[in-house]
Amino acid sequence: MPRTTTVDCPGCPPLRALTFDALGLIKVIEARAKGGGVSKVVERWGDPDASKCLVAASLNDRKVDPLLAVARKNGVIEILNPLNGELSLSVSDVSNAGVRPEDNAIAGLHLFRRQRSELKSRSCTLLVCTTKGNASIRTVDMADTKVDSGAPKAWNVCALGNISFSEVDGSESYAFFGGKGVEVNMWDLENCTKIWTAKPPPRNSLGIFTPTWFTSATFLSKDDHRKVVAGTNDHQVRLYDVSAQRRSVISFDFRETPIKAVTEDPDGHTIYIGNGSGDLASVDIRTGKLLGCFLGKCSGSIRSIARHPELPVIASCGLDSYLRIWDIGTRQLLSSVFLKQHLTKVIFDTNFNEEEVKHEEANTAAHDALSIDEVQTADETEKPPTKRKKSSSKKDKEGKTKKKSSKEKDGTKKSKTKKRSKTQEHDIADDDA
């Protein structure tokens, strides 16, 4: 059951976020200063269909021609316009040939932001990884959705196990993968070669070996690919340093349920973690010290956490169908909105500008009013000219009615005189007889 207790929310700064759910819907949530910072759903893209569940998403939020890539449960990858939800192209995962999409679903998706010199201006490059470890880098031409521009690079990142996630660093030159039965391993994307693999921890004092099961991970800094933070199914958080050693540098436990989401802070040493019981906290990864938990208990598993790169807020969503906006300083809940479906991911649109939106809305309103006026004037001009009826004065009408009435009276008088004359003649004839 969802929470029924009321929590005072002071409101959040102006922002825009995109959420993705288990029924394949993309919802746009905006908070504006005019509305008191209350988050509201302003748009919804798509139709509800469980077979089109959104499993991964990546946003290239450049100011000119932004793109949004989403991966669905049925193996279809779509490229959308994040401003209006318009579909640019749709391609299927070629690595799933001969296999049902449910058996080898897409586990990781990344839309490259940097434009390579050999690529065309109307093309995009995608990194796709499936649960069986089939990774590929492909370039798709936006003009022709049926043809891939160039042969895709494909390789396998694991021999056994299932991949749960994939992440790409800020320079988009390195990526790491991990999952159930798969240790975290890092690859050079230029040469498609493995450069590092993590080593599992030793057995404990009782001689028990913990099986490998990574659920989520992130780079500690987008500018440094050597430090990686990963969460495990046995509620552990581990920090790996690729340049130092294969085993984790720091490892600590968090609560009693699996870690489901991990994201980094731009400061380079703070991380935000969420688990399967709805606990959300911030940790200083340099010492493993818990900085504090966010106020307001979530009632479901947290599946995604997003840190806004400019504003001091984070967003979290999960199986309780709520999107929550938090203040990272006070760890207080700023705003929340109920979205009805189980949420799988949340992304911030960093180029959202409230003034530009207001200007666009004013322009559209003026354009709509102008078009309405044009339609009205066109209707008025297209109306056929009405023919005027001959006007007749009241006197004429009264004269006509008088004439008619006089004629009728004269007719009745004549008929009466004729009848009288006939009766008189008849009486005279009787007297003579």
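The structure displayed is predicted, hence computed values, not measured ones. (Residues numbered from 1 in each chain as written. Predicted model: local features only at pLDDT ≥ 70, side-chain atom pairs only at ≥ 80, totals over all residues. Heavy atoms only, no water.)

(A) Representation of the overall build of the chain. A tally of helices and strands in the chain yields two helices and 28 strands. A burial count over the chain gives 43% of its 433 residues as buried. Long-range contacts, defined as pairs at least 24 residues apart, comprise 46% of the intrachain contacts of the chain with a sequence gap of at least 6. Split by element, the accessible area of the chain, about 23,800 Å² in all, is 51% carbon and sulfur. (Helix = DSSP H or I, 4+ residues; strand = E, 2+ residues; numbered from the N terminus. Buried < 20%, exposed > 50% of the residue type's maximum accessible area, 1.4 Å probe, protein only. Contact = heavy atoms within 4.5 Å. Areas by Shrake-Rupley, 256 points an atom, 1.4 Å probe, with all protein chains shown as cover.)

(B) Region of the structure containing the pattern of salt bridges. Tallying each qualifying case throughout the model produces twelve salt bridges. Residues Arg-16 and Asp-349 are paired through a salt bridge, measuring 2.8 Å at the closest nitrogen-oxygen approach. Of the two residues, Arg-16 is situated in strand β1 (residues 15–21) and Asp-349 in the loop between β28 (343–348) and α1 (354–382); the sequence distance between them amounts to 333 residues. The same class applies to Arg-16 as to Asp-349, namely buried. The partner of Arg-307 in a salt bridge is Asp-265, and the shortest N-O contact between them spans 2.7 Å. Taken together, the residues span a long stretch of sequence, with Arg-307 in strand β24 (residues 302–307) and Asp-265 in the loop between β20 (259–264) and β21 (270–275) at a distance of 42 residues. Comparing Arg-307 with Asp-265, the two get one shared label, buried. Through salt bridges with shared partners, one network takes in Arg-16, Glu-30, Arg-32 and Asp-349. (Salt bridge = Lys/Arg side-chain N within 4 Å of Asp/Glu carboxyl O.)

(C) Broad picture of the packing of aromatic side chains. Summed over the entire model, instances satisfying the criterion amount to eight aromatic pairs. Measuring from ring centre to ring centre gives 5.7 Å for Phe-294 and Trp-326, while their planes differ by 70 degrees; the resulting arrangement is edge-to-face. With Phe-294 in the loop between β23 (289–293) and β24 and Trp-326 in strand β26 (residues 322–327), this pair connects stretches of sequence that are 32 residues apart. A residue is classified by how much of its surface remains accessible, and Trp-326, at 0% relative accessible area, is buried. Aromatic ring contacts, followed pair by pair, group Phe-165, Phe-176 and Phe-219 into a single cluster. Lys-180 extends its terminal NZ or CZ atom over the ring of Trp-213, reaching a point 4.4 Å from the ring centre. (Phe/Tyr/Trp six-rings, centres within 6.5 Å; stacked < 30°, edge-to-face > 60°. Lys NZ or Arg CZ within 6 Å of the ring centre and 35° of its normal.)

(D) Spatial organisation of the side chain of Thr-19. With respect to the helices and strands, Thr-19 occurs in strand β1. Apart from residues lying up to four places away in sequence, Thr-19 is in contact with Leu-25, Ile-26, Lys-27, Ile-29, Leu-323, Leu-339, Leu-343, Lys-345 and Val-346.

(E) View of the pairing of strand β10 (residues 134–141). Judged by how many residues are buried, β10 sits mostly within the fold: seven of eight residues are covered. Here β10 pairs with strand β11 (residues 153–156) via four bridges, running antiparallel. In the sheet register, Ile-137 faces β11, and the bridge partner there is Lys-153. (Pairing = 2+ DSSP bridges.)

(F) Spotlight on unusual backbone geometry. In the Ramachandran plot, Asp-65 falls in the positive-phi region, its phi being about 55 degrees despite a non-glycine side chain. With respect to the helices and strands, Asp-65 occurs in the loop between β4 (54–60) and β5 (67–72). We classify Asp-65 as partly exposed; its relative accessible area is 36%.

(G) Representation of the sheet that holds strand β8 (residues 106–111). One open sheet accounts for four strands, arranged β8-β9-β10-β11; its pairing is antiparallel. Single-partner strands in this sheet number two, and they are β8 and β11. Direction aside, the axes of adjacent strands within the sheet are offset by 20 degrees on average. (Axes fitted to C-alpha atoms, helices over the stretch in contact; angles between N-to-C directions.)

(H) Highlighting the confidence of the model for the chain. Residue-level pLDDT values for the chain average 82, and 75% of them are 70 or greater. A low-confidence stretch, residues 381–395 (pLDDT under 50), is modelled with one contact involving residues beyond four sequence positions or located in other chains. (pLDDT = per-residue confidence, 0-100.)

(I) Representation of the sheet that holds β28 within the structure. Across the sheet, four strands lie side by side as β3-β2-β1-β28; this open sheet has antiparallel pairing. Across the chains shown, the open sheet's two edge strands, defined by having one partner strand only, are β3 (39–45) and β28. Each adjacent strand pair in this sheet contributes to an overall mean axis angle of 25 degrees, direction not counted. As paired elements, strand β2 (residues 26–31) and β3 share six bridges and run antiparallel to each other. Within β3, the residue paired with Ala-31 across the bridge is Ser-39.

(J) Region of interest: the environment of Phe-209. Secondary-structure assignment places Phe-209 in the loop between β15 (193–197) and β16 (214–221). Owing to a relative accessible area of 37%, Phe-209 belongs among the partly exposed residues under this scheme. Setting aside chain neighbours within four positions, we find Phe-209 in contact with Pro-200, Pro-201 and Arg-203.

(K) Representation of the side chain of Asp-21 in the model. Assignment of secondary structure puts Asp-21 in strand β1. Lys-27 provides the closest opposite charge to the buried, salt-bridge-free Asp-21, at an N-O distance of 4.6 Å. (Lys, Arg positive; Asp, Glu negative; His and termini not counted.)

(L) Just the environment of Phe-254, in detail. Residue placement: Phe-254 occurs in the loop between β19 (250–253) and β20. As for Phe-254 and Asn-275, which are separated by 21 residues in sequence, their C-alpha atoms are 8.3 Å apart.

(M) How the structure looks around the state of the cysteines. Inspection of the entire model under this criterion finds zero disulfides. For the unlinked cysteine Cys-129, the closest cysteine sulfur is that of Cys-158, found at 7.2 Å. (Disulfide = S-S within 2.5 Å.)

(N) Spatial organisation of the environment of Glu-102. You can see Glu-102 is positioned in the loop between β7 (87–92) and β8. Taking the C-alpha atoms as reference points, Glu-102 and Gly-75, 27 residues apart in sequence, are found 8.1 Å from one another.

(O) Summary view of the pairing of strand β6 (residues 76–80). The buried fraction of β6 is high, at five of five residues. Alignment of β5 against β6, held across four bridges, turns out to be antiparallel. By the bridge assignment, Leu-68 is partnered in β6 with Leu-80. If you look at the hairpin formed by β5 and β6, you'll find three residues sitting between the two strands, and Gly-75 has a positive phi there, around 85 degrees. Here β6 pairs with β7 via five bridges, running antiparallel. Bridge pairing links Val-76 to Ser-92 in β7. Counting the residues in the hairpin turn of β6 and β7 gives six residues, including Gly-85, whose phi is positive at 80 degrees.

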